[in-house]
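What the coordinates show
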Amino acid sequence: MFQFLKSFHFLSDAVSTSAYSSPAKSLGDPGITPLSPSHIAKDSDANDAVEQSYLVVVAIDFGTTSSGYAYSFTKEPECIHVMRRWEGGDPGVSNQKTPTTILLTPERKFHSFGYAARDFYHDLDPSESKHWLYFEKFKMKLHTTGNLTMETDLTAANGKKVKALEIFAYALQFFKEQALKELSDQAGSEFENSEVRWVITVPAIWKQPAKQFMRQAAYKAGMATPENPEQLIIALEPEAASIYCRKLRLHQMIDLSSKAPVNGYSPSDTGGAGFTQAKEHVRRNRQSRTFLVENVIGEIWSELEEGDRYIVVDSGGGTVDLTVHQIRLPEGHLKELYKATGGPYGSVGVDYEFEKLLCKIFGEDFIEQFKIKRPAAWVDLMIAFESRKRAAAPDRTNPLNITLPFSFIDYYKKFRGHSVEHALRKSNVDFVKWSSQGMLRMSPDAMNALFKPTIDQIIQHLSDLFEKPEVTNVKFLFLVGGFAEAPLLQQAVQNAFGSKCRIIIPQDVGLTILKGAVLFGLDPAVIKVRRSPLTYGVGVLNRFVEGKHPPEKLLVKDGTRWCTDIFDKFISADQSVALGETVSRSYTPAKPSQLVIVIHIYSSEHDNVNFITEPGVKKCGTLRLDLTGTDTSTPTRREIKTLMQFGDTEIKAMAIDVATSKSVKAGIDFLNY
């Protein structure tokens, strides 16, 4: 049997005779070769399966620094309800969302999430707390890990490791239970998971593996199943923001660039009275958690015409995402013009600069030790910094005070043998002083300097984007996400780009994505055209052509000369794909007597790929089609049709044996190869 498999293993390479076939890599699996010139099928009817109806859409904005959910009943889509107020909360920080922090017991069981996790961990005795596993800002790991798999680990504050998938699943399960409980309380009867359509938001710049990872975590949390994947939508954050921005009325936003005052806010008092007024207005409304989204196109939107372009800058805790959209009338559908770009330039960068400043003053060795030995006090210090960070503004003149936890002062004395005050005097950091009340006193310039590297990167990235030909004539720039609340960022964006386009900030800017995600869940077809982030294709065999194909790719099988490892391209990176668009190719087994066909799917960030052995080409899927039980004696060449459906945030693949109508389906899998 083994012998048979081994020889069989060889044959599986796709053979391609079509003029269109382009190289792909086959590692000698049951092979295929292209039959027909490729064509694109607009497969609209096939996908109009009966949509399951859900009673409610719940969107979860799983952020790097804070998270929350909102929901809307499908019967009254114009009402978006933001989750109940959370227990806990910090001075100076509005808590419509909760911190993305999670605490596991020493036995690694879920204990609590959000403020509850943070406060409980904080109140533990240091001798106990070192056994508990506390995680914060862990979402960035998905963005920064090059080879993310189901086995990727996260490190807790005490240095212990836990599988990332477990932590994400715990967090999603927590939100699932909170939301179902709130819905049940409202309905007065038990609300079933099956009645909910879930939407989870992710940054558009995340690579495919991270998006898939989020879906796997949601399956593990019991939100949906691989058998019923439609119950869960993975939405892209800037797209969600974009959908919400379309609904904005003039009283719901602040136009930084208008010369006339909006809501009594004039540009001269950047972050001044008008902004305070606007904040007051938001604060008054905060008690009511229900937002009415009028079923109209907002005023600002009505100024946009067919073909107009706008940029959504989604600046959150961890990442900044830039997306360029274009309006397609009459329905006002969106078309993504330029594939999402951005990077890890979120507000966490400011925290990192603060940490660097502390290292400069007190020594890196001390800060590292302090984080390990007094993890709860470190968390406390960062909370104190967070609320002062929110008080930073371009025109601020009075210093910002940051309380140092008692254990910081105490531990420093033990560690160094001299006082914190001494360290400050000795360090060359002249804009941070010690105040007698046990606080670090930072001059406004010192605070602004902490923002500078992160803001500079955002501005640089936007400048690069404005250079692109697709990005000419941008009418509006919508600044959204939690970091967009920072007056320093608002001012920097206004100064750099205010002359190029109008800069608009929705009023409840931190909840923009959440609300847009609910609207997306109610009508997922609103985004009609996306850009493919990668080039996709399959590995095939082509007839070997002397002089055209490299000699090392020659494989002679039963007297036929094949070129192996050819990448047969389905779609190129940055090509625009309509929602539900299907690309189809036909192949035939390289050897007529083959009983199994294995088609390998590959992806690459490069456009121009010829062989699957080229650097950067990754295997991301496999379709195995069993050809047994069919009459193989007929000499006709069997047609195996391969389809890939794009345009959704995920990609689906399918192979059909035309003679028998047997088919197999596969999701593109970036985590298990």
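Residues numbered from 1 in each chain as written. Predicted model: local features only at pLDDT ≥ 70, side-chain atom pairs only at ≥ 80, totals over all residues. Heavy atoms only, no water.

An unreviewed UniProt entry annotates the chain as Heat shock 70 kDa protein 12A originating from Pelusios castaneus. Checking UniProt for the chain, the heading Function (unreviewed entry) contains the comment "Adapter protein for SORL1, but not SORT1. Delays SORL1 internalization and affects SORL1 subcellular localization." In its Subunit (unreviewed entry) section, UniProt records this for the chain: "Interacts with SORL1 (via cytosolic C-terminus); this interaction affects SORL1 internalization and subcellular localization." (UniProt positions renumbered as here; feature names shortened; annotations may be inferred.)

Helices that pack against each other are described as a pair by the angle of their axes relative to one another and the distance between those axes. Where helix α11 (residues 364-373) meets helix α12 (residues 375-389), the axes come as close as 5 Å, and the angle between the chain directions of the two elements is 110°. Taken together, the axis directions place α11 and α12 in an arrangement best described as roughly perpendicular. Contacts between α11 and α12 involve Ile367, Phe370, Lys371, Ile372 and Lys373 from the first element and Pro375, Ala377 and Trp378 from the second. Residue composition of the contact of α11 with α12, grouped by class: six nonpolar, no polar and two charged. (Axes fitted to C-alpha atoms, helices over the stretch in contact; angles between N-to-C directions. Helix = DSSP H or I, 4+ residues; strand = E, 2+ residues; numbered from the N terminus. Parallel < 35°, antiparallel > 145°, perpendicular 65-115°, else oblique. Contact = heavy atoms within 4.5 Å. Nonpolar A, V, L, I, M, F, W, Y, C, P; charged D, E, K, R; others polar.)

Below, the discussion takes up the nonpolar core. Most often, soluble globular proteins have nonpolar side chains that are buried together. Ranked by size, the top nonpolar core spans 143 residues in total, and within it Phe135, Phe168, Ile311, Phe362 and Leu477 carry the most contacts. When residues in this core are grouped by element, the largest group, twelve residues, is from helix α5 (residues 164-187). With 30 residues, the next largest nonpolar core counts Leu534, Tyr536, Phe611 and Ile651 among its residues. (Core = buried A, V, L, I, M, F, W, Y, C linked by side-chain atoms within 4.5 Å. Buried < 20%, exposed > 50% of the residue type's maximum accessible area, 1.4 Å probe, protein only.)

For strand β33 (residues 640-645), the buried fraction is high: five of the six residues fall into the buried class. Sheet topology note: the strand β30 (residues 582-589)/β33 ladder contains six bridges and is antiparallel. Paired with serine 584 across the strands is leucine 643, a residue of β33. Where β33 and strand β34 (residues 652-657) come together, six bridges link them in antiparallel fashion. Residue pairing across strands places threonine 642 opposite alanine 655, the latter belonging to β34. (Pairing = 2+ DSSP bridges.)

Reading across from one edge, β20-β22-β21 is the order of the three strands in this open sheet, with antiparallel pairing throughout. Of all strands in the sheet, those bounded by a partner on one side alone are β20 (400-403) and β21 (432-435). This sheet shows a mean twist of 30° between the axes of neighbouring strands, independent of strand direction. Sheet topology note: the β20/strand β22 (residues 439-442) ladder contains four bridges and is antiparallel.

What follows covers the sheet that holds strand β10 (residues 133-136). A sheet is described by the order of its strands in space; here three strands give the open sequence β9-β8-β10, paired in antiparallel fashion. Each having just a single partner strand, β9 (110-113) and β10 make up the two edges of the open sheet. For this sheet the average axis-to-axis angle between neighbouring strands, irrespective of direction, equals 20°.

What follows deals with the environment of histidine 111. Inspection of the secondary structure puts histidine 111 in strand β9. Put simply, histidine 111 and leucine 133 are 22 residues apart on the chain and 9.6 Å apart in space, counted from C-alpha to C-alpha. Among all residues touching histidine 111, those that are not within four sequence positions of it are Leu103, Leu104, Thr105, Phe120 and Trp132. At 2.7 Å, the side chain of histidine 111 and the side chain of serine 112 are in polar contact. (Polar contact = N/O pair within 3.5 Å; in protein donor to acceptor, adjacent residues only side chain to side chain.)

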